[in-house]
Amino acid sequence: MEPAPAKVKPQGRLLLSTQLDAKDELEERLERCVGIVQALTNGLSEREANDALTANVCKGQQQHEEVCLGLFTLVLTESAQAQRCYRDLTLLNRDGMNVILVKINQILMEKFLKLQDVPRTQLVWLVRELVKSGVMGADGVVMTLLKQIAGGDISAKNLWLAESVLDILLDQKEWVLKSGMLIAMSVYTYLRLIVDHGTQNLLPLRQKEVDFCISMLREKFMECLIIGRDLVRLLQNVARIPEMELVWKDLLHNPQVLSPQFTGVLQLLTARTSRKFLACRLTPDMETKLLFMTSRVRFGQQKRYQDWFQRQYLSTAESQSLRCDLIRYICGVVHPSNEVLSSDILPRWAIIGWLLTTCTSNVAASNAKLALFYDWLFFNPEKDSIMNIEPAILVMHHSMKPHPAITATLLDFMCRIIPHFFPPLESQVRQGVFNSLTFIMEKRVLAHLAPLFDNPKLDRELRSMLRERFPEFCSSPSPPTEVKMEEAVSLEMDNHVLDKEEGCYDNTEAAFSDDEEEVNNKGKKREFRFHPIKEAVIEEPADITPWVDQLDDTMKEKVLQLQKSSDTETQCEVMQEIVDLILEEDFDSEQMSALASCLSELFKDHFRGDVLPEEITEESLEESVCKPVCLVFRNLVTMQEDNSGFSVLLDMLAELYQKQPKIGYHLLYYLKASKAANGKMMLYESFAQATALGDLHTCLMMDMKACQEDDVRLLCYLTPSIYSEFPDETLRSGELLNMIVAVIDSTQLQELMCHVMMGTLVMFRKDSVLNILIQSLDWETFEQYSTWQLFLAHSIPLETIIPILQHLKYKEHPEALSCLLLQLRREKPSEEMVKMVLSRPCHPEDQFTTSILRHWASKYDDTLGEHIKAQLIKNNNQPRKRQSLRSSSSKLAQLTLEQILEHMDNLRLSLSNTKNSFFSQTPILQALQHVQASCDEAHKMRFSDLFALAEEYEDSQSKPLKSRRKAPATSPRSRKGAAPPTNTEEESGSSSASEEEDSKPKAPKRKRKGSSAVGSDSD
């Protein structure tokens, strides 16, 4: 018998799904309702079916809802029956269509992206019919539908939705004018969308949007006024469109035309935009993802979520405009509670900093900065919220150390926006920014602005501009004085403190902030607020009450005994007894989580402070791993992997890891430092697989990141072992390397280089080094120099990484170029090196190629000459259509003749006042002669001085050939320094006499070596 075919899950008609998706509850319910309607009407005439449905509806609320939802689903899935089903629905419905409106809103907010094409089209058709029928509440559905039109998206589906909703608004204009909120929401939406629809094929749609917005602004301006200051921002973006320019001019110069009650643009700019407008420009899916990141994702673990968000919404050129919507939403809508602000949840400023770095155009970057500072410009402490302006100051503060360029560009923007935003209102903008900065200090967001405004990392001109604009905030704090701990703690409790206490707080920050940032570079909390408290923390006894009662009596007794023990030795003994209990066969694994919570709380002091001893000796290392928490590690090390207790202890560690993530790098330290764990480093791989992450690479990177944030010395101590034990995880990408070079100092860099030179550390291998160095081009200057120093400490041939030249631009990558230049200086040029160097685009300010060619010309002139000749002849023989100069991003294999000639001409000019005889070499002159014979007139004119050398060479070759029989030994070019009168006259027109003089002694050699080549070239 043939096997029965596997059951295939039937595909619903409403939502898209795969074989792996569970059946959607909403779809299931709606299908049941369709079944009820069809059961009631099957085989009946239209009139009889109507009577049957009416009779069923009258039975009760449940039957009414089932019939309405059944007809609603038929409208969505059966386009041919939609008209009749909608008619029946209007006749049978008893609650003013409320049940239908609720369900439409639910689908729009939760299921819209999963709708199949037919239901999506029918849903918009149904909304149109509801609007035509004047159903109360239909305006709310239309506003939800507007929210589904994504900004920065010109895909066919999104454009169709934008146009379909606009058609509804235009066709039912009288109905639209009855709802003030719908007018404002639709104007806000389409003013924003106009920016995305500027391409030629979208101009008809853009014109419809422009006409709609203008008619609403002209006819119902007071309704649009409720949008607030962001209306001005959106109008400013579209003011270059001729029709919009008229409205823009009226707004600025003739406000009474728009409405008698409108007093001027200042009235709009001083009104804060409501959250509902800022939120309407994010689709429900975008909003859900952002809220998840700002409420659930830990700082330091956000990269995977940001990457997903960028792939989904920010990867196209059009999506540049979406960044403004996201920044305005984060500033104006996402206002975390104090509990979240003081936790390690991803802060708002980090997301905004990331969004700023993803801007790839100057316009998008300027608009994004304006969106960030927009609430600053007319900030009023009585009306506006500190939460709207907090992200901007924190982005600048936290970026100062890792990304000073971001801080500098934001401070520069803040200064320049004051006079340039709207000159007639310059004084009001200045006051708004001043109010913002004052309020930021009052609310203790930052204790003092002088470290930000007068930071030595900023250039002199910017610091001078800041002092000129904001002298009040640039004065440095007073010298440090002794601060009592009680005073420091009270400052956190009360924002309204005395001037004296404020000074003490500033001093505490000034005394401790820098050191704290060096060691603990977390950036998770507001350092200025929490540093004094951190210094003054009072250790409280561990509270395990919430979990200890969940343990059985024996385990509970041991845990309480552990809590009461004070000396380390006793704690270790008790901990061993707890481990023995865990390893017993009757241990209830359900207690694991509660036990892990208890241990995490009891050992919290062990995870504070430095792990690595100040002085590293065998004794101090062994002493450092004699903590109670290390008992679990020690038991694991002594067990065989096939032992049943091994997996139980791993599960215990995995539970503990969820409560206390630092356990990961503590395990790595134990495996490296303990003699008992010698050679057992791979135990960490088993631990990583047992965690919820389940992946060695992810787990290792997260643990090293946590180590980097807590203890840089420990990071450097672990580095050699991590690289040697886990080469596949560490050497394939630059992730760990970036963590290391981002925090080490020059001493630690030198120590790592010594490890490399001694062979105990390998940080690069041939197959991945090029990719890692390319990744490093986006890192900070010191990080890049450190990376190159570590690379040069390895014995990897330079030719392995020479292709990086194709990625280097002289203005953007000076660090890599300078390191490469110094290294190339030590190398004898190979053909590949010369090809790569010549492939760089020519630019008057980029001296890289000329400088290295000049150096090689002085040391390895013969070798360089042969390689350049090979490249000239090879590229001259290529088809002419490939001779165009390509961009710097093109592949180096596509080296062009024009590039080579430009570099050669630059080298000629560089050597013109020297005695270097590079251009008198036979290979070079032969190659130039070869190129000249076949190139066009434009190139001959452009490189005439270069080709003049070849012409002189040709002349010098032809004359000795005629007189060879008579006087071969006395050729005018056969002796250095010989200058017969005839020769002098013939060469008096030479462009460079010194080069001709230097070329004379090599003439006989040229005849012998080059005669056949010249013959073949002339052919």
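Residues numbered from 1 in each chain as written. Predicted model: local features only at pLDDT ≥ 70, side-chain atom pairs only at ≥ 80, totals over all residues. Heavy atoms only, no water.

### Quick word on the overall build of the protein
Argument step 1. Secondary structure summary: the protein contains 57 helices and zero strands in total.
Argument step 2. Nonlocal contacts in the protein, meaning residues at least 24 apart in sequence, comprise 72% of its contacts between residues at least 6 apart.
Argument step 3. Only carbon and sulfur atoms are counted for the fraction: they give 50% of the accessible area of the protein, which is about 47900 Å². (Helix = DSSP H or I, 4+ residues; strand = E, 2+ residues; numbered from the N terminus. Contact = heavy atoms within 4.5 Å. Areas by Shrake-Rupley, 256 points an atom, 1.4 Å probe, with all protein chains shown as cover.)

### A few points about unusual backbone geometry
Argument step 1. Located in the positive-phi region is Met-97, a residue other than glycine, with phi close to 65°.
Argument step 2. Note on placement: Met-97 falls in the loop between helix H4 (82-92) and helix H5 (98-111).
Argument step 3. With a phi angle near 60°, Arg-444 is a residue other than glycine that sits in the positive phi range.
Argument step 4. Residue placement: Arg-444 occurs in the loop between helix H25 (426-442) and helix H26 (450-453).
Argument step 5. A residue is classified by how much of its surface remains accessible, and Arg-444, at 7% relative accessible area, is buried. (Buried < 20%, exposed > 50% of the residue type's maximum accessible area, 1.4 Å probe, protein only.)

### Focus on the packing of helix H50 (residues 861-876) against helix H51 (residues 897-911)
In helix packing, the relevant descriptors are the interaxial angle and the interaxial distance, both defined with respect to the helix axes.
Argument step 1. Two elements in contact, H50 and H51, have axes separated by 9 Å at closest approach and are oriented at 145°. Along this stretch, H50 crosses H51, giving a crossing that reads as left-handed. Of the residues in H51, those in contact with Ile-868, Gln-871, Leu-872, Asn-875 and Asn-876 of H50 are Leu-897, Ile-900, Leu-901 and Met-904.
Argument step 2. In the contact of H50 with H51, the residues fall into six nonpolar, three polar and no charged. (Axes fitted to C-alpha atoms, helices over the stretch in contact; angles between N-to-C directions. Left-handed = near helix turned anticlockwise from the far one by under 90°. Nonpolar A, V, L, I, M, F, W, Y, C, P; charged D, E, K, R; others polar.)

### So, helix H37 (residues 644-659)
Argument step 1. Here H37 contains 16 residues, and its C-alpha end-to-end distance of 24 Å stays within 8% of the 22 Å for a straight helix at 1.5 Å per residue.
Argument step 2. Residues Gly-645, Phe-646, Leu-649, Leu-650, Met-652, Leu-653, Ala-654, Leu-656 and Tyr-657 constitute the buried set of H37.
Argument step 3. Buried residues in H37 make contact with helix H33 (568-583), helix H34 (592-602), helix H36 (630-638), helix H38 (663-673), helix H39 (683-690) and helix H40 (696-710). (Expected span 1.5 Å × (residues − 1).)

### Let's talk about the state of the cysteines
Argument step 1. This structure, assessed with the given rule, holds zero disulfides.
Argument step 2. For the unlinked cysteine Cys-213, the closest cysteine sulfur is that of Cys-224, found at 8.5 Å. (Disulfide = S-S within 2.5 Å.)

### With respect to the side chain of Asp-24
Argument step 1. Position of Asp-24 relative to the elements: it lies in the segment before helix H1 (25-41).
Argument step 2. Polar side-chain contacts of Asp-24 include one of 3.0 Å to the backbone nitrogen of Leu-26.
Argument step 3. Side-chain polar atoms of Asp-24 contact the side chain of Lys-111, separated by 2.7 Å.
Argument step 4. Leave out the neighbours within four places in its chain, and Asp-24 touches Leu-15 and Lys-111. (Polar contact = N/O pair within 3.5 Å; in protein donor to acceptor, adjacent residues only side chain to side chain.)

### Observations concerning the confidence of the model for the protein
Argument step 1. Counting all residues, the mean pLDDT for the protein is 81, and 83% of those residues have values of 70 or more.
Argument step 2. Contacts of residues 1-8 to residues separated by more than four positions or lying in other chains number one contact, the stretch itself having pLDDT below 50. (pLDDT = per-residue confidence, 0-100.)

### So, the packing of aromatic side chains
Argument step 1. Enumeration according to the criterion identifies 24 aromatic pairs in this entry.
Argument step 2. Taking the centre distance of 5.2 Å and the plane angle of 80° together, the rings of Tyr-657 and Phe-687 count as edge-to-face. Here Tyr-657 is found in helix H37, whereas its partner Phe-687 is found in helix H39, with 30 residues between them in sequence.
Argument step 3. Of the residues examined, Phe-687 reaches a relative accessible area of 1% and is grouped as buried.
Argument step 4. Site record: aromatic cluster; members linked through ring pairs are Trp-308, Phe-309, Tyr-313 and Trp-354.
Argument step 5. Residue placement shows Arg-120 over the ring face of Phe-112; its charged tip is 5.6 Å from the ring centre. (Phe/Tyr/Trp six-rings, centres within 6.5 Å; stacked < 30°, edge-to-face > 60°. Lys NZ or Arg CZ within 6 Å of the ring centre and 35° of its normal.)

### Looking at the pattern of salt bridges
Argument step 1. Enumeration over the complete set of coordinates arrives at 44 salt bridges.
Argument step 2. A salt bridge links Arg-192 to Asp-325; the shortest N-O distance between them is 2.7 Å. In this pair, Arg-192 sits in helix H10 (residues 180-194) while Asp-325 sits in helix H19 (residues 322-332), placing the two residues 133 residues apart along the sequence. This pair shows no difference in class: Arg-192 is buried, exactly as Asp-325 is.
Argument step 3. Through salt bridges that share partners, Arg-229, Asp-230, Arg-233, Arg-272, Arg-328, Asp-375 and Asp-384 make up one connected network. (Salt bridge = Lys/Arg side-chain N within 4 Å of Asp/Glu carboxyl O.)

### Remarks on a negative patch on the surface
Argument step 1. A cluster of acidic residues, Asp-552, Asp-553, Glu-557, Asp-588 and Glu-590, forms a negative patch on the protein surface.
Argument step 2. Take Asp-553: it is sitting in helix H32 (residues 553-564). (Patch = residues over 30% accessible without salt bridge, like charges linked within 9 Å, V, L, I, M, F, W, Y side chains within 5 Å. Lys, Arg positive; Asp, Glu negative; His and termini not counted. Charge placed at Lys NZ, Arg CZ, Asp CG, Glu CD.)

### Description of the nonpolar core
Argument step 1. Among the nonpolar cores identified, the biggest contains 174 residues, and Trp-376, Ile-393 and Phe-453 are the most heavily contacted of them.
Argument step 2. The dominant element in this core, judged by the number of residues it contributes, is H10, at 10 residues.
Argument step 3. What Trp-376 contacts, discounting residues up to four positions off in sequence, is Ile-389, Ala-392, Ile-393, Met-396, Met-414, Gly-432, Val-433, Ser-436, Leu-437 and Ile-440.
Argument step 4. Counting 141 residues, the second largest nonpolar core, distinct from the first, contains Phe-587, Ile-744, Ile-802 and Trp-856. (Core = buried A, V, L, I, M, F, W, Y, C linked by side-chain atoms within 4.5 Å.)

### Quick notes on the packing of helix H17 (residues 284-295) against helix H18 (residues 303-313)
Argument step 1. H18 packs onto H17 with a crossing angle of 165° between their chain directions and a minimal axis gap of 11 Å. In terms of orientation, H17 and H18 fall into the roughly antiparallel class. Between H17 and H18 lies a crossing whose hand is left-handed. Here H17 contributes Asp-285, Met-286, Lys-289, Leu-290, Phe-292 and Met-293 to the contact with H18, which in turn contributes Tyr-305, Gln-306, Trp-308, Phe-309 and Tyr-313.
Argument step 2. Partitioning the contact of H17 with H18 into residue classes produces eight nonpolar, one polar and two charged. (Parallel < 35°, antiparallel > 145°, perpendicular 65-115°, else oblique.)

### Considerations on H51
Argument step 1. In this model H51 runs 21 Å from its N-terminal to its C-terminal C-alpha over 15 residues, within 8% of the 21 Å that 1.5 Å per residue would give.
Argument step 2. Taking burial as the measure, the 15 residues of H51 include 12 buried ones, the bulk of the element.

### Side note on the environment of Thr-698
Argument step 1. Structurally, the position occupied by Thr-698 is in helix H40.
Argument step 2. For the pair Thr-698 and Glu-729, spaced 31 residues apart in the sequence, the C-alpha separation amounts to 9.0 Å.
Argument step 3. Each residue touching Thr-698, except ones within four places of it in the same chain, is listed here: Arg-304 and Leu-693.

### Some words on the environment of Phe-791
Argument step 1. Its location among the elements puts Phe-791 in helix H46 (residues 781-793).
Argument step 2. A residue is classified by how much of its surface remains accessible, and Phe-791, at 1% relative accessible area, is buried.
Argument step 3. As a C-alpha pair, Phe-791 and Phe-764 span 27 residues in sequence and 7.0 Å in three-dimensional space.
Argument step 4. Leaving out residues up to four positions away in the same chain, Phe-791 has contacts with Phe-764, Val-769, Leu-773, Ile-796, Leu-798 and Ile-801.

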